[in-house]
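Here is how the chains run, residue by residue.
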Number of protein chains: 2
Amino acid sequence: MKSMVKMIKNLSSMFNPKAVCVIGASRKPGKIGHEILKNLINYGFGGKIYPINPEAREILGLKAYPTVKSTPTKPDLAVVALPAVYVSEAIEECGRKGVKAVAVISSGFKEVGNARAEGQIVNLSKKYRMRLLGPNIFGVFYAPSKLNATFGPPNVLPGRIAFITQSGALGIALMGWTISEEVGLSAIVSLGNKSDVDDADLLEFFSQDPNTEVIVIYMEGINDGKEFMKAAKKTVMTKPIIVIKAGRSERGARAILSHTGALAGSDAVYDAAFKQCGVIRTSTTTEAFDLARLFAGQPLPDGDNTVIITNGGGMGIMAVDACKDSGVTLMDIPKDLAAKFRKNSGMPTFGSTVNPIDMTGQIYEAGYSGAIKTALSDPRVNSLIILYCQTAVTDPKMIARAIIKTLKENGAKKPVVTSLVGGEECRVGIRELNRAGIPSYSEPQRAVFVIGAMHEYARYLRKRKK
Amino acid sequence: MKSMVKMIKNLSSMFNPKAVCVIGASRKPGKIGHEILKNLINYGFGGKIYPINPEAREILGLKAYPTVKSTPTKPDLAVVALPAVYVSEAIEECGRKGVKAVAVISSGFKEVGNARAEGQIVNLSKKYRMRLLGPNIFGVFYAPSKLNATFGPPNVLPGRIAFITQSGALGIALMGWTISEEVGLSAIVSLGNKSDVDDADLLEFFSQDPNTEVIVIYMEGINDGKEFMKAAKKTVMTKPIIVIKAGRSERGARAILSHTGALAGSDAVYDAAFKQCGVIRTSTTTEAFDLARLFAGQPLPDGDNTVIITNGGGMGIMAVDACKDSGVTLMDIPKDLAAKFRKNSGMPTFGSTVNPIDMTGQIYEAGYSGAIKTALSDPRVNSLIILYCQTAVTDPKMIARAIIKTLKENGAKKPVVTSLVGGEECRVGIRELNRAGIPSYSEPQRAVFVIGAMHEYARYLRKRKK
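Keep in mind that what you see is a predicted model, and the values were worked out from it rather than measured. Along each chain, the written sequence defines residue order, and numbers are assigned to residues from 1. For this description, chains carry letters from A and ligands carry numbers from 1, given in the order in which they are written. Given that this is a predicted model, residues contribute local features only at a pLDDT of at least 70 and side-chain atom pairs are listed and counted only at 80 or more, while totals for whole chains, interfaces and linings are drawn from all residues. The basis for the side-chain values is all heavy atoms of the structure; hydrogens and waters are excluded.

1. Quick word on the sheet that holds strand E11 (residues 185–190) of chain B
Residue and element names in this part refer to chain B. Pairing between strands is defined by DSSP: at least two bridges between the two strands are required. Elements are defined by DSSP. Helices are runs of H or I of four residues or more, strands are runs of E of two residues or more, and each kind is numbered from the N terminus. Overall, mixed pairing links the seven strands, which are arranged E9-E8-E11-E10-E12-E13-E14 in an open sheet. Strands at the two margins of the open sheet, each flanked by one partner only, are strand E9 (147–150) and strand E14 (280–282). Within the sheet, the average angular offset between the axes of one strand and its neighbour, ignoring direction, is 20°. Both strand E8 (residues 139–142) and E9 contribute to a ladder of four bridges, which runs antiparallel. Paired with Val-140 across the strands is Ala-149, a residue of E9. Against the sheet, helix H7 (residues 199–208) makes contact with E8, strand E10 (158–165), E11, strand E12 (214–219) and strand E13 (241–245), and its axis sits at roughly 170° relative to E12, the strand it touches most. Interaxial angles span 0 to 180 degrees and are taken between N-to-C directions of axes, which are lines fitted to C-alpha atoms, for helices over the stretch in contact. A contact between two residues is defined here by any heavy atoms of the two lying within 4.5 Å.

Laid out in structure tokens, this is it:
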């Protein structure tokens, strides 16, 4: 049965619908059926929007329809926000109308032990060859079609990271987090009970999606491990997959069981599977998005040699320690290159070129610019970590701008990450760097972690491509 | 020789001087001798300030003196901001005047291979029984006496965390970071080359200091391991010590050698020594200050049982995973207590009381308040982790305020940490909680990490006190 459903690739109708109906659209602010409709309208969806409500003539300025049947054109996507008992009837109606995908927001299914009701809506969607997202989800967002069919925050930033989440509450919370952290997203998909559409389906879609460069998944468990591995193995050849797999601990796995009723499975099995497929695993959502930002903004390295440039010895040493933890290969700087770093940065004689290239606290923008150009122009250097400690005589904003300018003028063939440690002005500098697509973090260890993970991914790809 | 110097406890003159002179005070903004004087004046130091400059009559509105000899009263503390070659002469002059402590900002000593010059100033300070801080430092800050004798940021927030740093650049950068993160400090001491005053001396001072509750040290190496261990072992019985020891990796240790000329020593030795003394070691400065904030704001737990309260299953599971990593004992909730959690929080039937207590996304302020009261009033619960995922129907600020109010009204006999995940409103909530002394973090793993480290410290103390 599953394979038949798999054949019906109506997922693109879900992300790029010409018309969307909201079944259970409500006039009452605060109601889920109201908030989804409001987000759809306000985010600027370009297609038709049909609120379905038998008791309303108009909701939020849009003409309402009593049934799906009565809409003037066929909706490709139906968002269902009804109490669980009414859902199967709505799905049946969608099927008859020719809807291609339904996103069932409603909860009250398998997650509360109601497997029978869930089976029923799955069977109905199969009968009509529709794709079913959910149930028990907060919706779906896709930036390219300006589709915000969620009851999460209205103002998600468009970008090139697709985010898939099994947890609804965490997903909505992270939507808000990405906004305040200025992380741009191409898509957000709430998977909920995964009764039909699952991670593997979405990987297949996003691997083909020109708007997505990297995929982040918050995962508690997978139903079909083989399908996932097959899809992942194919996807990673063009786009990195980053997974936050919860339930690492035995107790965490038990909590998953009581949360979504899913079997988390042995963590060691997941770990091995991820490694085999080249899927990158992180422990925290911050790590996942830190890394996604790097993949979305910077190219892959051609080799393993990393150079650290710093104006502070202590910060350099902490980064070096982190390099060991994160599997970063610090380049042994050849004599000719050391001389160039010294000359081009204008560092004082007590500066060091051992890697970290410690230019000392006496250098300014020109020092950074000179050192960065040196690293970029030398073919033996494959990636660059730029560190900056706020000093009494330099302005973090000016340093950030010098880094941006130098990288812009000297091509971006190698991945570069940065970390600025200091006060409020550093936050501004970090924000400017991130906006320019140069990942920047408030802590050197975060910069080292991401570059290490990227190098590991690049090594995996080189091996597979052999 | 060392022990004789040790006997001379003039450190309190350094932190609580009646008069301070700045040797090398300058009229020129941007110059170190100008910035230190400006910080001293602007931070509101209540004692006398004497700028020493043979060519100036007045600097920043203060009468300047040509020599230390010519000041009307004896300065207890002299801050020396002169080129290295003039420092020994200045120290000699201080000694003759009866100065008790000198902070030598100047660089150009052992860190650049000039051990002879450093030996000379150490000998001079010993001759006159003065304590010598530095050289190669950015100064000293002590909140209770409103002493900001640094060239770092002017507006450090007063608090109960003492911060000792061997790295100057990192130290200044972190001063700024603590301001933008609203971390309050009792003291900041830049140790530089540690020619005389070292970590052990400061531990002795801060262990007696009623204004300090917890000590954070950024350390690259120690000269006298035995002295440090002796002081640390004594100090930890009343105040926790948190150390960021850089140079964990072999390459990091080599970088230290070229940074400060210090031998980092074997990392395993440090690790064992820290464990034996009950010193808490962290890898990053964020971890260190996260933890310091907890110690400064919350009491120690009486036992090992931790309870997690959450409104989001996914966030709860990630926290449970982190509990394993951080050695947190999740309490097995007895039936009677489970029933109380259920009743007092008003969670829906599909909520869970297995720990994490998952109240689900359907609860509001009252749910948090009820669950918190339940945990606080049960003697079997020793510490509490409160998690919140921003939902469409709750306001993070209101949740934060409900937590603050409930904790205020129900005593604070158990440590509580919180984590709020979501958008901008969560940042506001986190800030309010932190200001109320309830540590709050943007990520559940950070909350779990700190409570784990606190439990470990409490276990260490119980063992030692037996």
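2. Focus on the packing of helix H8 (residues 225–235) of chain B against helix H10 (residues 267–277) of chain B
Residues and elements named next belong to chain B. Contact geometry of H8 with H10 gives a least axis separation of 9 Å together with a crossing angle of 30°. Between H8 and H10, the crossing angle belongs to the class labelled roughly parallel. Relative to H10, H8 is oriented so that their crossing is right-handed. Contact residues: H8 offers Phe-228, Met-229, Ala-232 and Lys-233, while H10 offers Ala-273, Phe-274, Gln-276 and Cys-277. For this classification, Asp, Glu, Lys and Arg are treated as charged, while Ala, Val, Leu, Ile, Met, Phe, Trp, Tyr, Cys and Pro are nonpolar and the rest, including Gly, are polar. For the contact of H8 with H10, a count of residues per class yields six nonpolar, one polar and one charged. Reported orientations rely on four angle classes, namely roughly parallel under 35 degrees, roughly antiparallel over 145, roughly perpendicular from 65 to 115, and oblique for the rest. Note on convention: near helix rotated counterclockwise from far helix by under a right angle means a left-handed crossing. Clockwise means right-handed.

3. Here's the deal with the domain arrangement of chain A
Residue and element names in this part refer to chain A. Along its sequence, chain A is carved into domain 1 (1–137), domain 2 (152–297) and domain 3 (299–465). An automatic or database domain assignment is the source of the domain bounds shown. Computed from C-alpha atoms alone, the centre-to-centre distance between domain 2 and domain 3 is 29 Å. Taken together, the contacts link 21 residues of domain 2 with 20 residues of domain 3. Accessible-area loss on putting two parts together, using a 1.4 Å probe and summing over both, is the definition of buried area adopted here. Across the domain 2 to domain 3 interface the summed buried area is about 1700 Å²; carbon plus sulfur atoms make up 64%. When the area that domain 2 buries against domain 3 is broken down by residue, the three leading residues are Met-237, Asp-290 and Leu-294, summing to 36%.

4. Some remarks on helix H8 (residues 225–235) of chain A
Residues and elements named next belong to chain A. Buried residues of H8: Phe-228, Ala-231, Ala-232 and Thr-235, and no others. Along the axis of H8, the buried positions cluster into a sector of 100°, meaning they face one direction only. In this structure, H8 carries Lys-226, Lys-230 and Lys-234 as exposed residues pointing more than 90 degrees from its buried face. Where H8 is buried, its residues meet helix H7 (199–208), strand E12 (214–219), strand E13 (241–245) and helix H10 (267–277). Partly exposed describes any residue whose relative accessible area lies between the buried limit of under 20% and the exposed limit of over 50%, with all areas from a 1.4 Å probe on protein chains only and scaled to the type maximum. For this quantity, the arc is that covered by the directions from the helix axis to the C-beta atoms.

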